[in-house]
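Here's the letter readout for the chains.
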Amino acid sequence: ARSNQPPQAVGRFRSSFRRQSYQVQRKPSNPLTRKSSTRKNKVTVGAQFRTSLKQLTVALTAAEPHFIRCIKPNQAKKPFCFDSNLVAKQMKQTGLVETVRIRKEGFSYRPSFTDFIHAYQGIAFPYTVKVASSLRNCFAILNKAGVTCWHLGKTRVFLKYYHEDQLRQCLSDHHQWAILLQAHWRRIMARKRLELLQAEASRVKREARDFCNWILATSESTLCTLQALNVEDEARH
């Protein structure tokens, strides 16, 4: 059957029908899907805790944290009063004594190859040579210093707590030589400076003496001229 409506009315009806069907397709048919979509947008407590924990881990990794153990010197917290029994009891209860013992038996000083060679290069190599950060060079420095009971890793040197003092003692002679060279260099520079000052003083004295002689000669010639002029004036009168 044919429709009696005009073609324009039929076109408007079709477009409105398409818009309504498109809106119906966009609406969720099940209310549970709507709840799940709203739940995805919310941030849970666990997610917030995980994010804050990641931020704290990043901050601790970038910094160098130091843990300080506070110990009371006495129960009354009075100044200039030290109770040795109380302090020893706190150190034992907090595990500080055990920690010190473990650190003493282990390798407490662990510098990298680069830091180790930069600090103790002078023991086995001259300072004018650029030494590579390698395991062989670290071994040469330790062998030259006579240090024992150490280990070398892939990128670090594992040393005891007393090894650092031994290495510094090996460098003490170098420091003494450096101080001696600095003293000699300062003495040479001071002597050169003194010679320059003495030459400058001699020049100033010579110029001052010449200036005084010139003033004296000029004053004598001026005095003679004035006396001659006075004699001429008296003769005229």
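Rules used in this analysis
Residues numbered from 1 in each chain as written. Predicted model: local features only at pLDDT ≥ 70, side-chain atom pairs only at ≥ 80, totals over all residues. Heavy atoms only, no water. Helix = DSSP H or I, 4+ residues; strand = E, 2+ residues; numbered from the N terminus. Expected span 1.5 Å × (residues − 1). Bend = angle between axes of the 7 residues up to and from the residue. Buried < 20%, exposed > 50% of the residue type's maximum accessible area, 1.4 Å probe, protein only. Contact = heavy atoms within 4.5 Å. Patch = residues over 30% accessible without salt bridge, like charges linked within 9 Å, V, L, I, M, F, W, Y side chains within 5 Å. Areas by Shrake-Rupley, 256 points an atom, 1.4 Å probe, with all protein chains shown as cover. Salt bridge = Lys/Arg side-chain N within 4 Å of Asp/Glu carboxyl O. Phe/Tyr/Trp six-rings, centres within 6.5 Å; stacked < 30°, edge-to-face > 60°.

### Looking at helix H8 (residues 163-236)
Consideration 1: For H8, which comprises 74 residues, the first-to-last C-alpha distance of 108 Å matches the rise-based estimate of 110 Å (1.5 Å per residue) to within 8%.
Consideration 2: Of all the bends in H8, the greatest measures close to 35° and is centred on leucine 171.
Consideration 3: Residues of H8 that are buried include every one of His163, Leu167 and Leu171, and no others.
Consideration 4: Tucked inside the fold, the buried residues of H8 contact helix H6 (113-120) and helix H7 (135-145).

### A short note on a nonpolar patch on the surface
Consideration 1: A cluster of nonpolar residues, Phe49, Leu53, Leu56 and Leu60, forms a patch on the protein surface that exposes about 410 Å² of accessible area.
Consideration 2: By secondary structure assignment, the location of phenylalanine 49 is in helix H3 (residues 45-62).
Consideration 3: Taking the relative accessible area as the measure of exposure, phenylalanine 49 reaches 54% and is therefore exposed.

### Some remarks on unusual backbone geometry
Consideration 1: Located in the positive-phi region is phenylalanine 80, a residue other than glycine, with phi close to 60°.
Consideration 2: Examined against the element boundaries, phenylalanine 80 turns out to sit in the loop between H3 and helix H4 (84-93).
Consideration 3: For cysteine 149, which is not glycine, the phi torsion reads 60° and is therefore positive.
Consideration 4: Along the polypeptide, cysteine 149 turns up in the loop between H7 and strand E1 (151-152).

### Observations regarding the packing of aromatic side chains
Consideration 1: Using the criterion set out here, one finds five aromatic pairs in the structure.
Consideration 2: Ring geometry for phenylalanine 107 and phenylalanine 158: centres 6.3 Å apart, planes at 75°, overall edge-to-face. With phenylalanine 107 in the loop between helix H5 (96-105) and H6 and phenylalanine 158 in strand E2 (residues 157-158), this pair connects stretches of sequence that are 51 residues apart.
Consideration 3: Taking the relative accessible area as the measure of exposure, phenylalanine 158 reaches 25% and is therefore partly exposed.
Consideration 4: Ring geometry for tyrosine 161 versus tyrosine 162: centroids 5.2 Å apart, planes at 85°, classification edge-to-face.
Consideration 5: Judged by its relative accessible area of 41%, tyrosine 161 falls in the partly exposed class.
Consideration 6: By relative accessible area, tyrosine 162 is classed as partly exposed at 29%.

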